[in-house]
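Chain and residue survey
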Amino acid sequence: MRLACAFASVFCLVCLTCAPTIAQESGGTAAPPTPAPPAAAAAGVEELPAVEVVQETPAQKAARAKKKAVAVSPLTSVAGAPAGAAAQSAGQTAPTAAPVAAPVTVPSAVTNVTDSDIEHEGTGSIQQTLQQKVPGIIISDAAGNALRSELSYRGFDASPVSGRAQGVAVYQNGVRINEAFGDVVNWDVLPSNAIASMSVVSNNPSFGLNALGGAVSILMKDGFSYQGGEVDVMGGSFGRRQVGVQAGGSSGNAGVYVAGEWFEDDGYRDFSESEVRRFYGDIGLKGTFAEMHFSLTAADNHFGATSAAPVELLDRSWSNTFTSPQTTDLEVYMPTISASVKATDTLTVSGVGYYRRYKNRVVDGNVSEAEECDDANPNVPPLPGGSDNEDFLCIDDGDGPPLQKAGGALIEIADITNDEDLVGSIERLATTSDSWGGVVEGQEKAKLFGLPNLFIAGVSYDHGRTNYKTSSELGEIQPKYVVEGKGEFVDLPLELAPRNLNAENTYWGVYFSNALDVTDQLTVTVGGRYNRATIKLEDNTTRFPELNTTNTYERFNPMAGANYKLLPGISLYGGYSESNRAPTPAELGCADPVNPCLIESFLTDDPPLEQVVGRTAEIGLRGQGTDFGGRYTWSAGLFRTLASDDILPVSTGTRLYFVNGGDTLRQGVELSATYETRKWNAYASYALVDATLDKCNDPTGVCAFLVEGDRLPGIPRHRFKAGIEYSVTSKWKVGTDLVAASDQPFFPNEAGQGDKLAGYARVDLNTSYDVTQNVQVYGLVKNLFNSKYGLYGTYFEADEVPDLDGPPGATFNDPRTISPSMPFAAYGGVRVRY
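Model, not experiment: these values are computed from the prediction.

Examining the confidence of the model for the chain
- The predicted model of the chain has a mean per-residue pLDDT of 86, with 85% of residues at 70 or higher.
- Segment residues 6-56: pLDDT under 50, and 117 contacts once partners within four positions in sequence are set aside and those in other chains are kept.
- For residues 602-606, every residue scores under 50 in pLDDT, and the model assigns this stretch 37 contacts once sequence neighbours within four places are set aside.

Below you can see the structure in the form of structure tokens.
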């Protein structure tokens, strides 16, 4: 973070230097948000001209164009500029291509989310904004913290939690930010106020590995598209204290932008405090035919992420937690350099290079799986001094190997607690990754056979090195299920022994696409991508030699589709594509059902896994127009994705392992509509996502809990979103938003299966008042009706865990555990722009 602060200081000095020019060019104010509300964003189509035409500055036009950009490859956006470069300003020749295609020509579902949508959500949660605006997205919360929640798009996840069905690739200015070790996505490291737009794209293999469900492409602001400054101060429920700042401007050929967010939150559950510090900065240089940007993303965050708790505990108090501490401390440092060159009138070459440093430290309190050793346990060696087996701890219900310290001494129960039912453990996980790579891409707009054509081709390289360490300390369970460590670290048996693993992954990709306007109405697109992944594991402890493996995966994924303009403002699209996902190092290191891993913890000697292959087909209609003094957009689509050899986690109580469980099918319907006038705007969307096990290849694992045709856990079949905003006066706006989801199956394991996590409906309110042209006050209400529902559900061994609130010897009766939703919350803030 010291580097980030130094970088920010340099940026501030540049901003002061640029200030006079900014004031002359833009009147000293930031480029205002796009006049269109969630309307065009929700449908993912090109916006219609504004109802009221006003004079725009170059910065305002650049900002509006960038917010409309929709990604079609890692470095190319339709109706905008290549990622990382500023959109074209009025009166200048853009070094990047002018809009290369209209969004309505993309042969797949595309949804665009703008910075205005993020500001509207208000709390800085990118996932919440995407859930509200994208029909097929819903969020869950296995981590127990809203900023660490998982995003699920059409049943595929982009999650910060290992063990989820990662199937969405996420890009920031052309850089893939799925972490090297487990393909997890840390949404919390991105300053929400620095995002210009986000595109959610399906059915496109150009986005490389892990894009089974699709991709999210995030474009950040720069000094050419954002000019001015903003300070946003907010506070409210659960001790929320939040400050966001951003400033940008340009002088001559140079542009500078900086943004940062800091906030603290006590959390709505015990021990769930958070502190977030995140920064983004960009320095840009622009000439007539070339443009270059240097950017830095940095974050230093702490989360008291308290995960699922027994429903019996939550019935007593919604703030109760189960087995803490559960903390996550992470740091990210990512400098990038990007450039684009207009080589000819029709050819633009773009590239981006990056380095990413990722550190994650997890402390995870649990109920220990070790129990008093059985008196007849043959694994316990002869004991001196007349000690009994019952004085020590063993795994496997007391019949397995005993727990030993370094040096071989057995661990005595009396050194930890006076009650063997109160033995807990504290797992510590340390992940440190260094990754680097880049993308080079060309966009050629020369005509083909005399017809308008866009050809894109590129090559990508990503390399990562990770060190992964774990340890397990025994402790005593205190009141409120806080595990107090006793300094007894487990060295044996191997299932609980410390791990020290090096992982190295190298990903190559070559891709192309060609969009040909066969007629004024018909655009045909074909393309494909070749992926090659090499993953090397190396055990540093010498105890797990079978972890020393190298696995290589490769595949070519084709794509074809078309868009046909049926009528003015109405288009029909359809396409087919294939994609693949290589197993992550974390999954390869935990794939043995005989020696499953502790959840998010210890890796074992494992057989190789096969890669997952996704086959997606979709078809739909979309339209836009004006009527009754306003403008509208709408879309309707069908999709079907079959994932062969899908990698699924199998949970066995406190442990899990990964298998190629079989084929999974995700299919459904997506509908959306928006309408906007000068006084009000409204939107609504519905998605049906039917996610099932199509064929099982693992009869002793996955099929012990699921049979063919069963719904996949954690995926609600129905989700509905709606909202409306009304301008009471020219200065005062009020609005409301709704998210509703149907029930979803619990994640099954040996402790239970078959239950459903109940559906829910959540209503939010928002209002804002412009005190002056530069000062705005606003208020937010989240979960207006204080609905209590779960965002994640699984099971635990209830009869083996003491109920600390009950009489001596009492245990729980209900094996269900859930992550509770945030209750009613209210926030207020002041936003000052200049």
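There's more to say after this.
Some remarks on the packing of aromatic side chains
- Applying the stated criterion to the full structure yields 14 aromatic pairs.
- Aromatic pair F238 and Y268: ring centres 6.0 Å apart, planes at 55 degrees, arrangement tilted. You can see F238 sitting in the loop between strand 11 (228-236) and strand 12 (240-251) and its partner Y268 sitting in the loop between strand 13 (254-265) and strand 14 (274-286), a full 30 residues away along the chain.
- Using a relative accessible area of 17% as the deciding quantity, one classes Y268 as buried.

Points about the environment of A741
- Looking at where A741 falls in the secondary structure, it is placed in strand 34 (residues 732-741).
- For A741, a relative accessible area of 9% puts it in the buried group.
- Between the alpha carbons of A741 and A687 there is a distance of 9.6 Å; along the sequence they are 54 residues apart.
- Aside from chain neighbours lying at most four places away, what touches A741 is I138, P716, H718, R719, G759 and Y760.

Re the sheet that holds strand 6 (residues 156-158)
- Read across the sheet, three strands follow the order 4-5-6 without closing on themselves; strand pairing throughout is antiparallel. Looking at strand neighbours, the two that pair on one side only are strand 4 (137-140) and strand 6, the edges of this open sheet. Neighbour-to-neighbour, the strand axes of the sheet open up by a mean angle of 30 degrees, direction not taken into account.
- In the sheet, strand 5 (residues 150-153) pairs with strand 6 via three bridges, with the strands oriented antiparallel. In the sheet register, Y153 faces strand 6, and the bridge partner there is F156.

A few points about helix 5 (residues 126-133)
- A large share of helix 5 lies buried, amounting to eight of its eight residues.
- All buried positions along helix 5 are accounted for by I126, Q127, Q128, T129, L130, Q131, Q132 and K133.

Structural notes on the pattern of salt bridges
- Counted according to the given criterion, the structure contains 36 salt bridges.
- Note that R831 and D232 form a salt bridge whose closest N and O atoms lie 3.1 Å from each other. One end of the pair, R831, is in strand 41 (residues 825-833); the other, D232, is in strand 11, with 599 residues separating them in the sequence.
- Classification of R831 as buried rests on a relative accessible area of 5%.
- When the shortest N-O distance is used, the salt bridge between D764 and R762 registers 3.1 Å. There is no split in this pair, since D764 and R762 are both buried.
- One network of salt bridges, in which partners are shared, links E119, E230, D232, R831 and R833.

So, unusual backbone geometry
- Cis geometry marks the peptide bond from S324 to P325; its omega dihedral reads 10 degrees.
- The residue P325 is located in the loop between helix 6 (311-316) and strand 17 (326-342) in this model.
- The peptide bond linking L492 to P493 adopts the cis configuration, its omega dihedral lying at 5 degrees.
- For P493, the location among the structural elements is in the loop between strand 23 (482-489) and strand 24 (499-517).
- Look at N210: it is not a glycine, yet its phi comes out positive at around 75 degrees.
- Along the chain, the position of N210 falls in the loop between strand 9 (195-201) and strand 10 (214-220).
- For N210, a relative accessible area of 0% corresponds to the buried category.
- Positive phi, normally seen in glycine, also occurs at T323, with a value near 55 degrees.

A look at the sheet that holds strand 39 (residues 790-795)
- Pairing is antiparallel in the open sheet, where three strands are placed in the order 16-40-39. Only two strands of the sheet have a single partner each, and these edge strands are strand 16 (309-310) and strand 39.
- Across two bridges, the pairing between strand 16 and strand 40 (residues 816-820) is antiparallel. Bridge pairing links A309 to I818 in strand 40.

A short note on the nonpolar core
- With 93 residues, the main nonpolar core has L130, V170, W187, M198, I218 and V702 as its most contacted residues.
- Per-element tally for this core: the top contributor is strand 30 (residues 630-652), with five residues.
- Those residues in contact with W187 that sit more than four places away from it in its chain are I126, Q127, L130, S149, L151, A158, V170, V216, I218 and R278.
- Formed by 20 residues, the second largest nonpolar core is a distinct cluster that contains V311, W318, I477 and F746.

Notes on the pairing of strand 24
- Bridging between strand 22 (residues 453-478) and strand 24 involves 18 bridges; their strand directions are antiparallel. Paired with H463 across the two strands is T506, which belongs to strand 24.
- From the end of strand 24 to the start of strand 25 (residues 522-539), which pair antiparallel, there are four residues.

Analysis parameters
- Residues numbered from 1 in each chain as written.
- Predicted model: local features only at pLDDT ≥ 70, side-chain atom pairs only at ≥ 80, totals over all residues.
- Heavy atoms only, no water.
- pLDDT = per-residue confidence, 0-100.
- Contact = heavy atoms within 4.5 Å.
- Phe/Tyr/Trp six-rings, centres within 6.5 Å; stacked < 30°, edge-to-face > 60°.
- Helix = DSSP H or I, 4+ residues; strand = E, 2+ residues; numbered from the N terminus.
- Buried < 20%, exposed > 50% of the residue type's maximum accessible area, 1.4 Å probe, protein only.
- Pairing = 2+ DSSP bridges.
- Axes fitted to C-alpha atoms, helices over the stretch in contact; angles between N-to-C directions.
- Salt bridge = Lys/Arg side-chain N within 4 Å of Asp/Glu carboxyl O.
- Core = buried A, V, L, I, M, F, W, Y, C linked by side-chain atoms within 4.5 Å.

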